Amino acid sequence: MAPTEHRPDGPHTLHINAHRIPLEVAASYKARTRGLLGRDTIEGALLLTPAGSVHTFRMRFAIDVAYLDRNLRVLAVVTMPPGRLGLPRLRSRHVLEAAAGAMAGWGLRVGTTVQVDPPRTDR
């Protein structure tokens, strides 16, 4: 899926290297504002789009944050404990969030391009 296409909120699949990861997409203002607040963990990852920065105020767990450009290429990866304000990243158009340590396990690093598949509609 092209990163500039409208993505409805909901479940998708994220491809990183050989990994297929459950992905939630937060494309609406309401979904981006809610993010991971109120959760104890996340299964897979959450893509905030559009987004250039995040915070972890009122979060219950540490997260990995990957800043992505318009082509879904990773610009930076950081781990943020609760109660932090992330710095905005130039050229960042999307932010990928996951439980702390998950991105290293997927081999996600600066320069990696991720792929997002839309949800299947033939169910």
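Everything here concerns the structure above.
Read on for a plain summary of the structure. (Residues numbered from 1 in each chain as written. Predicted model: local features only at pLDDT ≥ 70, side-chain atom pairs only at ≥ 80, totals over all residues. Heavy atoms only, no water.)

### Examining the pattern of salt bridges
Tallied over the full model, the rule gives three salt bridges. Across the salt bridge formed by Asp40 and Arg60, the nearest N and O atoms sit 3.1 Å from each other. On the criterion of sequence distance, the pair formed by Asp40 in the loop between helix 1 (29-34) and strand 3 (45-48) and Arg60 in the loop between strand 3 and strand 4 (63-68) is long-range, its members being 20 residues apart. The exposed category is assigned to Arg60, whose relative accessible area is 51%. Residues Arg73 and Asp69 are paired through a salt bridge, measuring 3.5 Å at the closest nitrogen-oxygen approach. When its relative accessible area of 32% is taken as the criterion, Arg73 is described as partly exposed. A relative accessible area of 8% places Asp69 in the buried class. (Salt bridge = Lys/Arg side-chain N within 4 Å of Asp/Glu carboxyl O. Helix = DSSP H or I, 4+ residues; strand = E, 2+ residues; numbered from the N terminus. Buried < 20%, exposed > 50% of the residue type's maximum accessible area, 1.4 Å probe, protein only.)

### Regarding unusual backbone geometry
In this structure, the amide linkage connecting Thr49 to the following residue, Pro50, adopts the cis form with an omega of -10 degrees. Position of Pro50 among the secondary structure elements: in the loop between strand 3 and strand 4. Notably, Leu72 is not glycine yet its phi reads approximately 65 degrees, a positive angle. Examined against the element boundaries, Leu72 turns out to sit in the loop between strand 4 and strand 5 (74-80). Take Leu72: its relative accessible area is 2%, and that puts it in the buried class.

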